[in-house]
Amino acid sequence: MIKQRGYTSTSVLQFFTISCLLLLSFSGSVTAYKNYTVGDSLGWYDTLEKPAVNYQKWAAAKNFSLGDFLIFNTDNNHSVVQTYNFTIYKLCDDNDALQNDTIEWSAANPSATVPYPVSVPVPLVKEGMNYFFSSDYDGEQCQNGQQFKINVTHGQGLPKSLEEPDDAPAPNSPDFGSDDSAPDTIVPANFNHPIEEESDKDEDSGSFSLLFNSLDRKLNGFLILLGIFCIF
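Residues numbered from 1 in each chain as written. Predicted model: local features only at pLDDT ≥ 70, side-chain atom pairs only at ≥ 80, totals over all residues. Heavy atoms only, no water.

Under an unreviewed UniProt entry, the name given to the chain is Early nodulin-like protein 18, and the source organism is Theobroma cacao.

A.B. asks: Could you clarify how one ought to interpret the sheet that holds strand 1 (residues 35–37) in this entry?
C.D. replies: Spatial ordering of the open sheet is given by 1-3-6, a layout of three strands whose pairing is mixed. At either end of the open sheet lies a strand with only one pairing partner, and these are strand 1 and strand 6 (117–123). Across the sheet, the axes of successive neighbouring strands diverge by a mean angle of 25°, strand direction being ignored. The pairing of strand 1 with strand 3 (residues 69–75) spans three bridges and is parallel. Paired with Tyr 36 across the strands is Leu 70, a residue of strand 3. (Pairing = 2+ DSSP bridges. Helix = DSSP H or I, 4+ residues; strand = E, 2+ residues; numbered from the N terminus. Axes fitted to C-alpha atoms, helices over the stretch in contact; angles between N-to-C directions.)

A.B. asks: I would appreciate a short explanation of the sheet that holds strand 2 (residues 64–65) in the present structure.
C.D. replies: Remark on secondary structure: sheet strands pair via backbone hydrogen bonds, oriented parallel or antiparallel. As summarised here, the arrangement of the five strands in space is 2-8-7-4-5, forming an open sheet in which the pairing is mixed. Two strands bound the open sheet, and with one partner strand each, they are strand 2 and strand 5 (102–106). As paired strands, strand 7 (residues 128–133) and strand 8 (residues 147–153) are joined by six bridges and run antiparallel to one another. Opposite Gly 128, over in strand 8, you have Val 152 as the bridge partner.

A.B. asks: Would you mind going over the side chain of Asn 77 with me for this structure?
C.D. replies: Along the chain, the position of Asn 77 falls in the loop between strand 3 and strand 4 (80–83). Setting aside residues no more than four positions away along its own chain, Asn 77 makes contact with Ala 108, Asn 109, Pro 110, Pro 115, Tyr 137 and Gln 141. (Contact = heavy atoms within 4.5 Å.)

This is how it looks when you write it as structure tokens:
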């Protein structure tokens, strides 16, 4: 009888030890998608307007993955252009951009009498080098610091909300609605502008959601382990 109680205590100890290891393994492997506010509080402007901006330095401290968003806080006198073409980026000019390699997410409106704020969310949907710049005023803003490049890694891969049909045109493109629309990139219709980058609340809630989903998928395997302990 004493032996049986000792054996049971050992089994319980093993059960809780493996449970803790499994939980730590699951939680450690979960990473939420992130929203990055470009330039942080300085926003998206050239050095003539905000001399302190350094977007390449800002980007160097970040790790970007598929499914993340860049949030460009700027005004109607600055544009947001994304390209996968290094030549277009170096020229600070997207007039000769090829099909499916460049998109203008937000165009400037120099004719406006009063500048007004603009917030532009841009999803990262392709791995590798992504280039960003403002092409307005014959590239002057780009040449004055309003540009940067990042390397996008696979991470968790694209969420289903960012997957799209191959023939879907890109929004905010000058050719939107025509047969010559630019890249195969869209923002879902139900997308709400995300909260600014690195919000602990968003990140934690996203992590917990993914954690519970992961635990649910692996519950069957966990029950099998529990059954083995019960048998022995």
